[in-house]
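Coordinate analysis (summary)
This is what each chain is made of:
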Amino acid sequence: MTRLRSVPTAELSGAELAALRGLLFEAFGGRFDEHDWEHTLGGVHVLATEDGEPVAHGAVVPRMLVTGGRELATGYVEGVATRGDRRGRGLATAVMEEVGRVIERDYELGALGDGSGIPGFYQRLGWETWQGPPWVAAPQGRERTAEEDGSILVLRTPATGALDPAASITCDWRSGDVW
């Protein structure tokens, strides 16, 4: 039986973190590195488990995005993955539906960089593709991140307010992939 739970990073045991890390590195098949792992920590993890083992995951971590002159407290989604032998069973959908509830409850906006390769997966869950140019507030100044054009998605919440998805959007700096 599959169980879904939400838990802050600080409440995960060492064994749970190790199992989660293993799931993510396996699921991404070499496209997941130590920076990506670090990006999944420090927020809320939504886990689908079977017999106590994680089979699907998504994390919501706090970030600050700026658009239209506004700073938006953003729940940024990281590490969305399903174990290879459990794909196609709706587990990622269940995880992302709960991720959406976490974002709606705790943030002004949700955001993610879509590297899924599954056209329309997030959009059918209410996410919209950001049309404007993405930027990063880098240590040496604001830099354009053109390689992310068309891959940034946002989820509006009741706290979002007016939002122009054709405007530029800037994320805060972090090591590794900034988006």
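Just above sits the structure.
Everything quoted here is computed from the prediction, not taken from an experiment.

1. A short note on the side chain of T9
Examined against the element boundaries, T9 turns out to sit in the loop between β1 (2-8) and α1 (14-27). Assessed through its relative accessible area of 16%, T9 is described here as buried. Of the polar contacts made by the side chain of T9, one reaches the side chain of H45; its length is 2.6 Å.

2. Considering the pairing of strand β5 (residues 109-113)
In terms of burial, β5 is largely enclosed, as four of its five residues are buried. Pairing of strand β4 (residues 70-82) with β5, which is carried by three bridges, proceeds in the parallel orientation. Within the sheet, the bridge partner assigned to Y76 lies in β5 and is A111. Between the parallel elements β4 and β5, the chain passes through helix α3 (residues 91-106) in a crossover that is right-handed.

3. Side note on the pairing of strand β8 (residues 141-144)
Pairing analysis gives four bridges linking strand β7 (residues 134-138) to β8, with the strands arranged antiparallel. By the bridge assignment, V136 is partnered in β8 with E143. Between β7 and β8, which pair antiparallel in sequence order, lie two residues.

4. Here's the deal with the packing of aromatic side chains
In this structure the tally under the stated criterion is four aromatic pairs. Ring plane angle 20° and centroid distance 5.1 Å describe the contact between F28 and F32, whose orientation is recorded as stacked. Looking at F28, the relative accessible area reads 18%, which means it is buried. On the basis of relative accessibility, which here comes to 8%, the residue F32 falls in the buried class. Ring centres of Y122 and W127 lie 6.4 Å apart, and the angle between their planes is 70°; this geometry places the pair in the edge-to-face category. Among the residues examined, Y122 registers a relative accessible area of 6% and is labelled buried. W127 gets classed as buried once you look at its relative accessible area, which sits at 3%. One aromatic cluster is present, built from ring pairs that chain together F25, F28 and F32. Above the ring of Y76, the side-chain terminus of R63 is found at 4.7 Å from the ring centroid. The aromatic ring of W135 is capped on one face by R142, whose charged end is 4.1 Å from the ring centroid.

Scoring rules and cut-offs
Residues numbered from 1 in each chain as written. Predicted model: local features only at pLDDT ≥ 70, side-chain atom pairs only at ≥ 80, totals over all residues. Heavy atoms only, no water. Helix = DSSP H or I, 4+ residues; strand = E, 2+ residues; numbered from the N terminus. Buried < 20%, exposed > 50% of the residue type's maximum accessible area, 1.4 Å probe, protein only. Polar contact = N/O pair within 3.5 Å; in protein donor to acceptor, adjacent residues only side chain to side chain. Pairing = 2+ DSSP bridges. Right-handed = clockwise from strand over helix to strand, strands pointing away. Phe/Tyr/Trp six-rings, centres within 6.5 Å; stacked < 30°, edge-to-face > 60°. Lys NZ or Arg CZ within 6 Å of the ring centre and 35° of its normal.

These figures capture arrangement, not role.
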